[in-house]
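Residue-level listing of the chains:
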Amino acid sequence: MKKFMTFYFVLAILFCLQIVFGTDISAAVDSASGAEGGVMHGLVALWDFTGFANVTLGNMAMIAVGLFFIFLAVKYDYEPLLLIPIGVGILIGNIPFLPGYKIGVYEEGSVMNYLYFGVKQGIYPPLIFLGIGAMTDFSSLISNPKLMILGAAAQVGIFATFLGASALGFSPEEAGAIGIIGGADGPTAIFLSSKLAPQLMGAIAIAAYSYMALVPVIQPPIMRLLIPKKERAIKMKPPRAVSKTEKILFPLIGLLLTCFISPSALPLLGMLFFGNLLKESGVTERLADTARNSMINIVTILLGLTVGASTQADVFLTLASIKIFGLGALSFMVATAGGLLFARFLNVFLKKDNKINPLIGAAGVSAVPDSARVVQNEGLKTDPNNHLLMHAMAPNVSGVIGSAVAAGIMLSFLL
Amino acid sequence: MKKFMTFYFVLAILFCLQIVFGTDISAAVDSASGAEGGVMHGLVALWDFTGFANVTLGNMAMIAVGLFFIFLAVKYDYEPLLLIPIGVGILIGNIPFLPGYKIGVYEEGSVMNYLYFGVKQGIYPPLIFLGIGAMTDFSSLISNPKLMILGAAAQVGIFATFLGASALGFSPEEAGAIGIIGGADGPTAIFLSSKLAPQLMGAIAIAAYSYMALVPVIQPPIMRLLIPKKERAIKMKPPRAVSKTEKILFPLIGLLLTCFISPSALPLLGMLFFGNLLKESGVTERLADTARNSMINIVTILLGLTVGASTQADVFLTLASIKIFGLGALSFMVATAGGLLFARFLNVFLKKDNKINPLIGAAGVSAVPDSARVVQNEGLKTDPNNHLLMHAMAPNVSGVIGSAVAAGIMLSFLL
Amino acid sequence: MKKFMTFYFVLAILFCLQIVFGTDISAAVDSASGAEGGVMHGLVALWDFTGFANVTLGNMAMIAVGLFFIFLAVKYDYEPLLLIPIGVGILIGNIPFLPGYKIGVYEEGSVMNYLYFGVKQGIYPPLIFLGIGAMTDFSSLISNPKLMILGAAAQVGIFATFLGASALGFSPEEAGAIGIIGGADGPTAIFLSSKLAPQLMGAIAIAAYSYMALVPVIQPPIMRLLIPKKERAIKMKPPRAVSKTEKILFPLIGLLLTCFISPSALPLLGMLFFGNLLKESGVTERLADTARNSMINIVTILLGLTVGASTQADVFLTLASIKIFGLGALSFMVATAGGLLFARFLNVFLKKDNKINPLIGAAGVSAVPDSARVVQNEGLKTDPNNHLLMHAMAPNVSGVIGSAVAAGIMLSFLL
Amino acid sequence: MNLLTVTNQTWTITLLGWVIVFAALLFLVGVFLLVPKVFTWSAKRRLKTKGKTQVTDDQLAISGETNAAIATALHLYFSEMHDEESAVITIKEVRRRYSPWNSKLYGMNNSSYYKLRS
Amino acid sequence: MNLLTVTNQTWTITLLGWVIVFAALLFLVGVFLLVPKVFTWSAKRRLKTKGKTQVTDDQLAISGETNAAIATALHLYFSEMHDEESAVITIKEVRRRYSPWNSKLYGMNNSSYYKLRS
Amino acid sequence: MNLLTVTNQTWTITLLGWVIVFAALLFLVGVFLLVPKVFTWSAKRRLKTKGKTQVTDDQLAISGETNAAIATALHLYFSEMHDEESAVITIKEVRRRYSPWNSKLYGMNNSSYYKLRS
Ligand code: NA
Ligand code: NA
Ligand code: NA
């Protein structure tokens, strides 16, 4: 045991020397061994090849981030289905390697690069949307359509961030891609940034997912700040039952209407409503089941892993990334505030017994179903008998539609 | 409520004007607003981008067709696993968009185009055949091999249509691809047309699937016309039991024999028999299960959607498409008649107590298991105790093999 | 019946004539029929196209091999999940065809070629490793880490074969690819050979899988030869229980450590440990389930089929293939011996009551879990109460890691 | 950060973009406010033609109480936990492990099954 | 439409094509008429060598009645309906919904399971 | 076959390669020898701060006997056979067959289910 520890200790020291002082071990050995050749040269060549020889502080930092993501997922159960693939992806992307051996996600011909293709070309997000459509129940939204507007209100976060990013000096395309973080929707963010600003895709995706995981931390203070206690206690009527026909009509009408308005959102919204029709038609359960299970799982694994790997330190650790993280935090707050305030504004026009609880405006940011749960919890804190979950699902899912439409508009303007 | 309706009404009128008179709203606005710039210009630019600005009568017609397909599937349960993906695909393919933004299925680099790759290169159909092989039971065919010939007889539809299409002025390659509609087998039709006449693929696939859905409408009159009532009442002996060894030998012998005769059918028949071996071997249940569930479902979703989307009005609505639909109807009738008449002809050579019920000849067109069910129903109408389903499955599955062989021959001659 | 047999008999004779004497039937017919044209010419053209016209003795031999593989799988249940896809692949790859019609696995644009892409670019093996990671339990290895070294010892087979192949005149790259057969790990062999020596990939893969299926035949004699009966009877203490935290830490530490040492092994080891984390984290069961079921099944089907098809006789039947099979047998024996002898060597340093049963060294070759089962059986033969399975799993799974590391090193040196 | 530096075009996109997102969802709102009215209307007509003269909206609307009950059940469902599911997963885990890539174990499962049948 | 305009080659393909489809399936028919004969023959031989001198075909053939029964069962099966299956689907539906893309709900399931185990 | 013809580089790769595979796995061995010690040490500390003064290793180690029992069970499991599983597969087989590509049968299943619900 002792021996092992001593050995590791020496290795660790050598290793730290290299990183901190930039000593080039291989060069030292090389010059020392001189013409001895053979094994020694082989060893040196191999050392040059290992991660130990090529590691940078940036890699170490990113590996720490990756481990932290995994820790959050395992310990606190924050979005494990996303954070674990992304976390491992960050590890894999930041294991240092010599370029030219088809290892890295950015090297053409590498396995990671082939898997990354679906991210780069925006193919994975529509497939994710297909699965989401096949698992989402739009009833709450159909039964009380006016709540849908809250999903539009919260998209102010997208456009505010777009403005902010422009002001910070990003190009219009980049600003558009950064803005979509405010949509609080992972696949949409990846889809849009892959088209508008591929070079920022990693940072945008990581920011979007990080803040989505932090929704339970970000939203409650804003909710308490902007909504007076009395309004937080408003009880809403149970939504009416929705007929099967309405459920089948919804994806069809939704598809035609939203895509006529924003054809660039077709890959996302077309797939979302397609998946929902598979679910609601009642005659294609078999396909819906595959779409929301094996298909979405496969794509989730590949997308998470490669998005994580795209955070290679040399590409990722830039000033732009820091700005993006700042703007992202801002956009989540603006989006939440937008939803909440619009809900209060809406109440002005509603009859006494028909008023909505403004808290559900916060669910308009999408981040399904996290923000709806946050609403539910905040509602319960004010009145333990006031269950808002069902009502909050309406702005929640319409937030998904809203941000996809916004993404389409950004594409129309900026592509 | 009222306000909403008025608003929609005005919009609808404006919209109709545009379509019917070709008024260019954006141009009008543009010239009107002149140098006002800013928001107005942005609005105009965006309007130009919407589906409303780009819609054509063709698009509207195709969207109606897509909705009709979905209606048929949901209401009458006609082939929902195909008609719903295809129907939604037609909607998605006919939402009007400005070209150049990577939306359409025919635009390189679009998501739909990537998914369409599997259709264009004929990759999806063999994977479908793998799944079909893994779910098909060939016992009825093994136990009474001579019924297999009926599956060959019905392929006359393919060759008659080939002749007809040639006479109508199609090139030999196009005629070959059109002929395969008579095979009544969706994946085979897509596979062959993707190789011989990619430009007609959409029309051929839609025609094939439409008529397959209409088999219960097309076949019965022909059956009653060509088979006298007395022969319709013939009872057949229950088929003998089939041993496990025979079931394992069947895909192996079938694979070698058919592919030696028609090597071009290898992608289809190789996969079909491979899937069947996975099922029958008894030691690869795990793989067979995936092949006939998640794998075939994923491919079905993608294939249906993209085949539907390939019916973009500007490509699809041509004189050729109309001819193809006419020829397709013809070919289904000829194929049915071919199977029925050959069954009667076969009876001439068979001993009294061994005669076959000529109705099962109609099942030779494939369209598994629809046409077998039609046979069953017609049989029951004549004699409520005469169950023909089991017997009809033999020509039914051999029809699949037959049309794949025919597709291979077409490829050999015409590629 | 008689008629049929006579007909077949005549056909068979004609066919044999063609193969044995090289008579060119089509030429004969061609000259005979002369200017008769039309149908006769068509028939000749078609005959030229059939497999009967193009078959070679090599094809026949390979088809026999394919059938033999399937026979082994069905009758003796040797690795059916691999041998059946590979066996059918061999049939499909060796059905003779005229080149230029996009049929063969080596012809660009053919369906088989598209499916083969995942093999050629080494994409399938990492996906297989993902699934393996999601189904492997590393507890036995964590609870008794020193057994892991046995998995390193057995990799001597890889390097010995590398040496041997070099001595037999193979280029260094080819020798490296051949050496990996000694790793007894199919996906690793395919991954490495696809990078270093694509032209030998078929032979290497077939050799690796053949010998893996034959592990129960190859290993026992060597075990009895090298381990005295007394040592074969050693009983080992039951391994300690492993905590959940250790199980989660294992893939993380394993990933970082092994990939820092051998970054080229990243695609394999990264995926292996990723899959294991999905399994052990406890919060991503949904993803782990898909990874170890539908995903691995789909990839297994495609990989097996195309690897089998890559054994097209004209490419496969070479002197090199024979040498590779010889070297492969050798490498399995050397690897087994290496594991066994190192286990005895290790015992020298271990205290009396802590000694390991040297038999488990044989499990270090990987071939999970076959070789572990062989160890269990040999152990039971010596002492019917000595269950070694659990202990043998440790070197067994570490053998997988070991050969992936070795593959990475080969890539570093030779790419 | 100076919003004055932001170009005209950026402001256009910002304002117009948000407006259009609103417009799109307002459209949907409108349609789905209409749809149930249309249904009720056609249902009323059908009932009338069948001879019923007095139709109240109550007869057509489905009570929301059912919905509330379902919502509560769902909430309980998601906050409590399914022991059965865990059990299922556990069993499946034991069953399905071990590599299909070199799995005699798997093979054995399959073959026994095969032997039982044949 | 005038079939006279159709070229020679087209006629060749038409006739030859159909003939060959027939040939291919006739081959299969032939083989599968042979296969059971071969089986019966080898089974008879085996039985004979085991001492049985009188073997009738009846002893070897499996009654088709079983088949008929299965066919009927299948037919009933496909025309009637499985209430259990519907039930299963319904339960699964309630269980599996909600996006894994941002699913605390899912997470909760998993984590509870995890907490139960650890 | 003459090993003398093998170049220097080949020998280097051979020896170095094997050594490094050893090194890699030795590293892992070392770490996983350390990990449980670290755990025990921190667990001891925690127990001590909670007032327990006497802590033996036995209190922390989980008996390997449980493991042995599990191992045996697993072994039995893999060598015996699951009749239930076979049953499940059989039922599934009957249920799921027939092509979704032209499947009225499937359709019927679905539609009946649909009719039952609506
Ligand atoms: Na949103
Ligand atoms: Na057919
Ligand atoms: Na190994």
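Rules behind the numbers
- All residue numbers refer to position in the chain's written sequence, counted from 1.
- Key to labels: chains lettered from A, ligands numbered from 1, both in the order written.
- Where totals are concerned, whole chains, interfaces and linings use all residues; where local detail is concerned, this predicted model gives features only for residues with pLDDT of at least 70, and gives and counts side-chain atom pairs only at 80 or more.
- To get the side-chain values, all heavy atoms of the structure are used, and hydrogens and water are removed first.
- Under the DSSP-based scheme used, a helix requires at least four consecutive residues in state H or I and a strand at least two consecutive residues in state E, with every element numbered from the N terminus.
- Only protein chains enter the accessibility calculation, which uses a 1.4 Å probe; a residue is then buried when its area is under 20% of its type maximum, exposed when over 50%, and partly exposed in between.
- The protein chains shown are the only cover counted for residues, whose accessible areas, like all others here, come from Shrake-Rupley with a 1.4 Å probe.
- Contact definition: two residues touch when any of their heavy atoms are within 4.5 Å.
- Here the buried area means the combined drop in accessible surface, using a 1.4 Å probe, for two parts upon being joined, counting both sides.
- The definition of a polar contact used here is a pair of N or O atoms within 3.5 Å, where within protein one atom must be able to donate a hydrogen and the other to accept one, and adjacent residues in sequence count solely through side-chain atom pairs.
- Any N, O or S atom lying within 2.8 Å of the metal counts as a donor, with the limit raised to 3.2 Å for Na, K and Ca; because water is left out of the atom set, some sites can appear incomplete.
- For four-coordinate sites, all angles between 85 and 135 degrees define a tetrahedron; for four- and six-coordinate sites, opposite donors beyond 155 degrees with the remaining angles between 65 and 115 define square planar and octahedral shapes respectively, and all other cases count as irregular.
- The working definition used for a salt bridge is a side-chain nitrogen of Lys or Arg within 4 Å of a carboxyl oxygen of Asp or Glu.
- The superposition of copies rests on a least-squares fit of C-alpha positions from residues with pLDDT of 70 or more in both.
- Centres within 6.5 Å are what make two rings of Phe, Tyr or Trp a pair, Trp counting through its six-membered ring; a difference in plane orientation under 30 degrees is then read as stacked, over 60 as edge-to-face, and the rest as tilted.
- In this analysis the charged atom, NZ for Lys or CZ for Arg, is taken to sit over a ring once it is within 6 Å of the ring centre and within 35 degrees of the ring normal.
- UniProt positions are given in the numbering used here, feature names are shortened, and annotations may be inferred rather than shown by experiment.
- For helices, the fitted line uses only the C-alpha atoms of the stretch in contact; every axis is such a line through C-alpha atoms, and the angle between N-to-C directions lies from 0 to 180 degrees.
- Here the word oblique covers every angle except those under 35 degrees (roughly parallel), over 145 (roughly antiparallel) and from 65 to 115 (roughly perpendicular).
- Under the grouping applied here, Gly and all other residues not named as nonpolar or charged are polar, the nonpolar ones being Ala, Val, Leu, Ile, Met, Phe, Trp, Tyr, Cys and Pro and the charged ones Asp, Glu, Lys and Arg.
- Scored from 0 to 100, pLDDT reflects the predictor's confidence in each residue.
- Residues enter patches when they are more than 30% accessible in relative terms and free of salt bridges; like-charged ones are connected within 9 Å and nonpolar ones (Val, Leu, Ile, Met, Phe, Trp, Tyr) within 5 Å.
- One less than the number of residues in a helix, times 1.5 Å, gives the span that helix is expected to have.
- Here a crossing is taken to be left-handed if its near helix is turned anticlockwise relative to the far helix by less than a right angle, and right-handed if that turn runs clockwise.

**Thoughts on the overall build of chain D**
Tallying secondary structure elements over chain D gives five helices and zero strands in all. Sorting the 118 residues of chain D into buried and exposed places 45% on the buried side. Split by element, the accessible area of chain D, about 6,700 Å² in all, is 63% carbon and sulfur.

**Some details on the interface of chain C and chain A**
With 39 residues of chain C at the contact, the number on the chain A side is 40 residues. For the pair chain C and chain A, the summed buried area comes to about 3,500 Å², and 83% of that belongs to carbon and sulfur atoms. Taken as a group, C:Phe260, C:Phe274 and C:Arg286 account for 20% of the area that chain C buries against chain A, more than any other trio of residues on that side. Remark: the boundary between chain C and chain A carries four residue pairs in polar contact (both at pLDDT 80 or more). Where the side of chain C that touches chain A is concerned, the elements lending two or more residues are helix H8 (124-135), helix H13 (186-196), helix H17 (244-261), helix H18 (266-280), helix H19 (285-309) and helix H23 (389-414) of chain C.

**Brief notes about the coordination of the sodium ion (ligand 1)**
Residue and element names in this part refer to chain A. Protein-derived coordination of the sodium ion (ligand 1) comes from Gln155 (NE2), Gly183 (O), Val365 (O), Ser366 (OG), Gly399 (O) and Ser403 (OG), at a distance range of 2.4 to 3.2 Å. What the six donor atoms of the sodium ion (ligand 1) show is an angle range of 50 to 148° at the metal, which sorts the shape as irregular. Here the donor residues for the sodium ion (ligand 1) map to a single chain with the spacing Q-x27-G-x181-V-S-x32-G-x3-S. Pair noted here: Ser366 is in the loop between helix H21 (319-349) and helix H22 (370-382) and Gly399 is in helix H23 (residues 389-414), with a separation of 33 residues, a long-range link. Across the pair, exposure class does not vary: Ser366 and Gly399 are buried alike.

**Remarks on the environment of A:Gly183**
Residue and element names in this part refer to chain A. With respect to the helices, strands and loops of the structure, Gly183 is situated in the loop between helix H12 (172-179) and helix H13 (186-196). In this structure the C-alpha to C-alpha distance between Gly183 and Val365, which are 182 residues apart in sequence, comes to 6.2 Å. Among residues more than four places away in sequence, those in contact with Gly183 are Gln155, Ile158, Val365, Ser366 and Ser403.

**Regarding the pattern of salt bridges**
Residues and elements named next belong to chain A. Here the structure, examined in full by the defined rule, presents 15 salt bridges over all chains. Residue Lys381 pairs with Glu378 through a salt bridge whose shortest N-O separation is 3.1 Å. With Lys381 and Glu378 both in helix H22 and three residues apart, this pair spans about one turn of that helix. Under the relative-accessibility criterion, Glu378 is labelled buried at 3%. Three or more residues joined by partner-sharing salt bridges are found here, namely Arg224, Glu378 and Lys381.

**What to know about the relation of the copies chain C and chain A**
For the pair chain C and chain A, the superposition axis carries a translation of 0.0 Å, the fit reaches an RMSD of 0.0 Å, and the rotation angle comes to 120°. Look at the turn and shift together and you get a three-fold axis relating the two. In terms of proximity to the rotation axis, the leading residue of chain C is C:Ser294, whose C-alpha is 3.9 Å off the axis. A share of only 3% of the interface residues of chain C reappears at the interface of chain A, consistent with the copies meeting through non-equivalent patches.

**A short note on the packing of aromatic side chains**
By the definition in use, this model includes 42 aromatic pairs over all chains. A ring pair is formed by B:Tyr106 and B:Tyr116, whose centres lie 5.9 Å apart and whose planes are at 85°; its orientation type is edge-to-face. Here B:Tyr106, found in the loop between helix H6 (80-94) and helix H7 (111-120), pairs with B:Tyr116, found in helix H7; they are 10 residues apart in sequence, far enough to count as distant. With centroids separated by 4.9 Å and ring planes inclined at 40°, the aromatic side chains of B:Phe138 and B:Phe250 adopt a geometry described as tilted. Of this pair, B:Phe138 sits in the loop between helix H8 (124-135) and helix H9 (139-143) while B:Phe250 sits in helix H17 (residues 244-261), and the two are 112 residues apart along the sequence. Of the two residues, B:Phe138 and B:Phe250, neither departs from the other in class, the shared state being buried. Three or more aromatic residues link up through ring pairs in this structure, and these residues are A:Phe342, A:Phe345, A:Phe349, D:Trp18 and D:Phe22. Positioned above the aromatic ring of B:Phe170, the side-chain terminus of B:Lys323 is 5.5 Å from the ring centre.

**Considering the UniProt feature "transmembrane region" (unreviewed entry) in chain D**
Following the UniProt record, the feature "transmembrane region" (unreviewed entry) maps to residues 12-35 of chain D here. Taken end to end, residues 12-35 of chain D comprises 100% helix and 0% strand; its first and last C-alpha atoms sit 34 Å apart.

**A few points about the packing of helix H19 (residues 285-309) of chain A against helix H19 (residues 285-309) of chain B**
Relative orientation of the contacting elements H19(A) and H19(B) amounts to 105°, with a least axis distance of 9 Å. In terms of orientation, H19(A) lies roughly perpendicular with respect to H19(B). The residues of H19(B) that touch H19(A), namely those facing A:Arg286, A:Leu287, A:Thr290, A:Ala291, A:Ser294 and A:Met295, are B:Arg292, B:Asn293, B:Ser294, B:Ile296, B:Asn297, B:Ile298, B:Thr300, B:Ile301 and B:Leu302. Looking at the contact of H19(A) with H19(B) residue by residue, the class counts come to seven nonpolar, six polar and two charged.

**Looking at unusual backbone geometry**
Residue and element names in this part refer to chain A. Here the phi dihedral of Lys102 falls at roughly 55°; this positive angle occurs in a residue that is not glycine. Relative to the elements of secondary structure, Lys102 occurs in the loop between helix H6 (80-94) and helix H7 (111-120). Lys102 gets classed as partly exposed once you look at its relative accessible area, which sits at 40%. The phi dihedral of Ala184 is positive, around 55°, even though this residue is not glycine. Residue position: Ala184 is located in the loop between H12 and H13.

**Comments concerning the environment of A:Leu277**
Along the polypeptide, A:Leu277 turns up in helix H18 (residues 266-280). Residues A:Leu277 and A:Arg224 lie 53 residues apart in sequence; the distance between their C-alpha atoms is 38 Å. Leaving out residues up to four positions away in the same chain, A:Leu277 has contacts with A:Ile248, A:Pro251, A:Leu252, A:Thr284, B:Ile70, B:Ile84 and B:Val88.

**A word on the confidence of the model for chain D**
Low-confidence regions, as indicated by low pLDDT, have predicted coordinates that should not be scrutinised in detail. Residue and element names in this part refer to chain D. Here chain D averages 56 in pLDDT, while 36% of its residues score no lower than 70. Element-level pLDDT for chain D is lowest in helix H5 (residues 104-117), with a mean of 29, against a maximum mean of 83 in helix H1 (residues 8-49). Low pLDDT, under 50, characterises residues 57-63; the predicted model gives this stretch 11 contacts beyond four residues in sequence or across chains. Scoring the predicted complex yields pTM 0.85 and, for the interface, ipTM 0.83.

**With respect to a nonpolar patch on the surface**
A surface patch of nonpolar side chains, amounting to about 340 Å² of accessible area, comprises A:Phe68, A:Phe71 and A:Tyr76. Summarising the element assignment, A:Tyr76 is placed in helix H5 (residues 57-76).

**What to know about helix H8 (residues 124-135) of chain A**
The end-to-end C-alpha separation of H8(A) is 17 Å, in line with the 16 Å expected for 12 residues at 1.5 Å each. In terms of residue burial, H8(A) counts as a mostly covered element, since 12 of its 12 residues are buried.

**Observations regarding the packing of H6(B) against H19(B)**
Residues and elements named next belong to chain B. Running from N to C, H6 and H19 point in directions that differ by 45°, and their axes come no closer than 6 Å. Taken together, H6 and H19 sit at an angle that is classed as oblique. Here H6 and H19 pass one another in a crossing that is right-handed. Residue-level contacts link Leu81, Pro85, Ile86, Val88, Gly89, Ile90, Ile92 and Gly93 of H6 to Thr300, Ile301, Gly304, Leu305, Gly308 and Ala309 of H19. Classifying every residue of the contact of H6 with H19 gives nine nonpolar, five polar and no charged.

**Points about the confidence of the model for chain A**
Residues and elements named next belong to chain A. Looking at chain A, pLDDT values average 86 and 90% of them are 70 or higher. Mean pLDDT in chain A bottoms out at helix H2 (residues 25-33), which sits at 49, and peaks at H18, which reaches 95. For residues 32-36, every residue scores under 50 in pLDDT, and the model assigns this stretch two contacts once sequence neighbours within four places are set aside.

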